[in-house]
Amino acid sequence: MALPVAVYLLLVFAYPIAQEIYLSFTRARLLERTPPVWVGLDNYLSLAESAKFWLVIGNTLLYAVAANAIIIVLALGLALLLNQAFHGRKVARVVTSLPWAFPEVAAVLVWSWMYNKDFGVMNVFAGWVPGISENPNWLLDPWTAWFSIVLMTVWKIFPFFSLIILTALQLIDKELYAAAKIDGAGSLQLFRHITLPGIAPTLGIMTLLITIWGFRRFPIIYLLTGGGPGVRTATLVVLTYITAIRSLNIGLGAAMAIVGLILSLLITVLYVFVTRRLGQAQI
Amino acid sequence: MSDVPLVRQFSDSAEAQRLKRRAQNLRVLGSITSHTTLLLALALVLTPFVWMLATSLKPEREAYLIPPQLFPSRFLWQNYTDALFKYYDFFLYTKNTLIITISVLVGRLLSASLVAFAFARLRFYARDVLFFIVLSTMMIPSQVTIIPLYIIFTKLKWIDTYLPLTVPAWFGGGAFFIFLLRQFMMTINPEMDDAARIDGCSFIGVYWRIVLPLIKPALVTVAIFSFMFAWNDFLGPVIFLRSLEKQTLAVGVHFVNATASPARRPVITVVMAVSTLMMVPPTLVFFALQRYFIQGVVVTGIK
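Note that the structure is predicted; figures quoted are calculated from it, not measured.

Undergrad: Any chance you could break down a nonpolar patch on the surface for me, citing the residues and the numbers?
TA: All names here are of chain B. Taken together, the side chains of L98, I102, V106, L110, W170, F171 and W208 define a hydrophobic patch exposed on the protein surface, amounting to about 660 Å² of accessible area. Looking at where V106 falls in the secondary structure, it is placed in helix α5 (residues 90–121). A relative accessible area of 37% places V106 in the partly exposed class.

Undergrad: For the domain arrangement of chain B, give the residues involved together with the corresponding values.
TA: Residues and elements named next belong to chain B. Annotation of chain B at the domain level lists domain 1 (6–56) and domain 2 (78–302). Contacts between domain 1 and domain 2 engage 5 residues on the former and 9 residues on the latter. Carbon and sulfur atoms supply 74% of the area buried between domain 1 and domain 2, which totals about 560 Å² over both sides. By the criterion of area lost to domain 2, the three top residues of domain 1 are M52, T55 and S56, representing 82% of everything that side buries. Taken together, domain 1 and domain 2 are joined by 0 salt bridges. Considering only residue class, the side of domain 1 that touches domain 2 consists of 3 nonpolar, 2 polar and no charged.

Undergrad: Can you break down the interface of chain B and chain A residue by residue, with the values?
TA: Tallying the contact residues gives 86 residues for chain B and 82 residues for chain A. Counting every contact that joins chain B to chain A gives 2 residue pairs in polar contact (both at pLDDT 80 or more). Here the residues of the side of chain B that touches chain A sort into 65 nonpolar, 20 polar and 1 charged.

Undergrad: Lay out the packing of helix α11 (residues 203–214) of chain B against helix α12 (residues 216–232) of chain B in plain terms, naming residues and giving numbers.
TA: All names here are of chain B. In the contact formed by α11 and α12, the axes pass within 5 Å of each other and the chain directions differ by 75°. The orientation of α11 relative to α12 falls into the category roughly perpendicular. When α11 is examined against α12, the residues L212, P213 and L214 are found in contact with a partner set consisting of K216, P217 and L219. In terms of residue class, the contact of α11 with α12 is made up of 5 nonpolar, no polar and 1 charged.

Undergrad: Tell me what's going on with the side chain of Q247(B), and back it up with residues and numbers.
TA: Residues and elements named next belong to chain B. Here Q247 shows up in the loop between α13 (235–240) and α14 (249–259). Judged by its relative accessible area of 4%, Q247 is buried. Each residue touching Q247, except ones within four places of it in the same chain, is listed here: Y93, N96, P237, L241 and F255.

Undergrad: Could you give an account of the confidence of the model for chain B, with specific residues and numbers?
TA: All names here are of chain B. Looking at chain B as a whole, the pLDDT averages 81, with 88% of positions reaching at least 70. For chain B, per-element mean pLDDT is lowest for helix α1 (residues 6–12), which scores 56, and highest for α5, which scores 90. Complex prediction metrics read pTM 0.84 and ipTM 0.85.

Undergrad: I'd like a rundown of the nonpolar core, residues and numbers included.
TA: Ranked by internal contacts, the top residues of the largest apolar core, which has 182 residues, are F102(A), I165(A), L224(A) and I215(B). Broken down by element, the residue count for this core peaks at 16 residues, all from helix α7 (residues 142–170) of chain A. Both domains that meet at this core, namely domain 1 (6–56) and domain 2 (78–302) of chain B, each give it at least three residues. For F102(A), the residues in contact, after removing those within four places along its chain, are A107(A), V110(A), W155(A), K156(A), F49(B), M52(B), S275(B) and M279(B).

Undergrad: Could you give an account of the environment of F215(A), with specific residues and numbers?
TA: All names here are of chain A. Structurally, F215 is set in helix α9 (residues 187–216). On the accessibility criterion, F215 (7% relative accessible area) is buried. As a C-alpha pair, F215 and I172 span 43 residues in sequence and 32 Å in three-dimensional space.

Undergrad: I'd like a rundown of the pattern of salt bridges, residues and numbers included.
TA: Residues and elements named next belong to chain B. According to the stated counting rule, one finds 1 salt bridge over all chains in the structure shown. The partner of D160 in a salt bridge is K246, with the nearest N and O atoms 3.6 Å apart. Note that D160 is positioned in the loop between α7 (142–155) and α8 (163–166) and K246 in the loop between α13 and α14, a separation of 86 residues in sequence. Note on K246: relative accessible area 29%, which makes it partly exposed.

Undergrad: Quick one: what's the story with the packing of aromatic side chains, residue by residue and with numbers?
TA: Given two aromatic rings, their pairing is described by the distance between the two centres and the angle made by the two planes. In this structure the tally under the stated criterion is 40 aromatic pairs over all chains. Summarising the aromatic geometry, the rings of W113(A) and Y64(B) are spaced 5.7 Å apart at their centres and angled 80° between planes, so their arrangement reads as edge-to-face. Residue W113(A) is found in helix α5 (residues 104–114), and its partner Y64(B) is found in the loop between α3 (60–63) and α4 (78–86); the two belong to separate chains. Looking at W113(A), the relative accessible area reads 4%, which means it is buried. Under the relative-accessibility criterion, Y64(B) is labelled partly exposed at 28%. An aromatic cluster is present here, built from W100(A), F160(A), W213(A), F176(B), F177(B), F225(B), F229(B), F286(B) and F287(B) joined pairwise through their rings. Over the aromatic face of W51(B) sits the side chain of K58(B), whose NZ or CZ is 4.5 Å from the ring centroid. For R197(B), the ring lying beneath its charged end belongs to F203(B), and the centroid distance is 4.1 Å.

Undergrad: Would you mind going over the packing of helix α6 (residues 127–137) of chain B against helix α9 (residues 175–186) of chain B in detail, with residue names and values included?
TA: The packing of two helices is summarised by the inter-axis angle and the distance between the axes. Residues and elements named next belong to chain B. In the contact formed by α6 and α9, the axes pass within 8 Å of each other and the chain directions differ by 130°. When the axis of α6 is compared with that of α9, the two are oblique. When you trace α6 past α9, the crossing you get is left-handed. Residues F131, V134, L135 and T137 of α6 touch α9, and the partners they reach there are A175, I178, F179 and R182. Looking at the contact of α6 with α9 residue by residue, the classes come out as 6 nonpolar, 1 polar and 1 charged.

Rules used throughout
Residues numbered from 1 in each chain as written. Chains lettered and ligands numbered in written order. Predicted model: local features only at pLDDT ≥ 70, side-chain atom pairs only at ≥ 80, totals over all residues. Heavy atoms only, no water. Patch = residues over 30% accessible without salt bridge, like charges linked within 9 Å, V, L, I, M, F, W, Y side chains within 5 Å. Areas by Shrake-Rupley, 256 points an atom, 1.4 Å probe, with all protein chains shown as cover. Salt bridge = Lys/Arg side-chain N within 4 Å of Asp/Glu carboxyl O. Helix = DSSP H or I, 4+ residues; strand = E, 2+ residues; numbered from the N terminus. Buried < 20%, exposed > 50% of the residue type's maximum accessible area, 1.4 Å probe, protein only. Domains from an automatic or database assignment. Contact = heavy atoms within 4.5 Å. Buried area = accessible area lost by both parts, 1.4 Å probe. Nonpolar A, V, L, I, M, F, W, Y, C, P; charged D, E, K, R; others polar. Polar contact = N/O pair within 3.5 Å; in protein donor to acceptor, adjacent residues only side chain to side chain. Axes fitted to C-alpha atoms, helices over the stretch in contact; angles between N-to-C directions. Parallel < 35°, antiparallel > 145°, perpendicular 65-115°, else oblique. pLDDT = per-residue confidence, 0-100. Core = buried A, V, L, I, M, F, W, Y, C linked by side-chain atoms within 4.5 Å. Phe/Tyr/Trp six-rings, centres within 6.5 Å; stacked < 30°, edge-to-face > 60°. Lys NZ or Arg CZ within 6 Å of the ring centre and 35° of its normal. Left-handed = near helix turned anticlockwise from the far one by under 90°.

As structure tokens, then:
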């Protein structure tokens, strides 16, 4: 039984990665008949020297940290609220799952329209903020472009995350709360000692998935800003696509992809390490 | 009266009244805060949908008002018929997308569950190492493999066919799905399999007759994820498909954005109508199966 699995792994996972690693040491261009030329570490060296590349690495980490932190806090807050009994709770739950079911590509069309400099509805909201007197140049100014990307990402991702946390919340034994209350625990203590440990495994694995998916998230950024202005909002994935597929420079693109791979693996190892430390090994 | 209950006596004291009032005030304050927060969150979630629907029903001229107006002067349903029949091969793209989505779905359910079964139930050399390798591929950005895959598919002469988009799903269906199903299978008591084995059931029999029926929530989860991923995939069709008439909805939507009007500029009202239409199938699938779906995800996270 081991043999088929191993062969399958080799074919579907290992071969493309091996090929990619090989390409990252070559000068190769898409759609050319000449075979790749071995150039050793040249691609990696030129990446290390490129200020643009380091900016993009910074962007990638910034995007992962900023967007995910907001997503986790909002999702946890919303889940705790939805876990209480109130009128219209069912409706609220249905509404919160809408963004996840909405195709990313169509969502980008809607958001770009909302971010339209002249006619977008976001200008109306911006007008409510004191100190903003004219329409922001939403997708063309680096800072507002980042704001726009993060806002849309949060909108798209946090409802789903919060739905998952909500389900985990509901699986916590209600008697635990009752017992703790009799022992005189306050609501902060209840949260700290019952709620948080109860949802920690779910929170952990979802945070890992969201971080990883954040690294590879493509349409939102690529279709919203194209990574621009310049590469100010490009993440590694976007720059890799632009380099390898649009500029046809496969060798350099492959080197970028391998850097992305190493980053993702580092995060996973970090995650496994932290969860082992906290005594709730997942994997 | 001397036989007033003790509780009553206590609750009548001034100190108790004060405490009670304070607790009540706190509760009211808390409930106001939480309801406000909830309303704000729902407003954030709903704004794009409201704006999309509003724009999709406006005459084009009214979409370009400053300041923007929410309600159209009249509902222009023609935007939807334009989206469906005039500017855009909506039904062709839908058919293409469905062909891809369904073949991916079937392949993924069968192959991912089979691989997951091997990892969950069979003992073989280096199983856990292999599983860890599969898991780590989950962390690989698709951009890493897309270039080698492009080269492989070019050599196979598969470019501009649906094969690059569908065949991989029949080979394991992706690490995430294997992981999800394997986690779920681990929650099932293996004594069931043993009993079936003793009664003469083969491994495949155990897989098909015992394990598959028991992991239905996980299978539904995989089905929904798979449907969403395939339905929404943008990079895959853009890279592997060339002909316009083979394109999917996700990519087609962007062509309509570019060429929707005779003047070859996007008619934003039609674009919003298309976006609305594109949202319908995944939303229906999601809500029909939501209950199983969440259960599947959570069990995966807990075990």
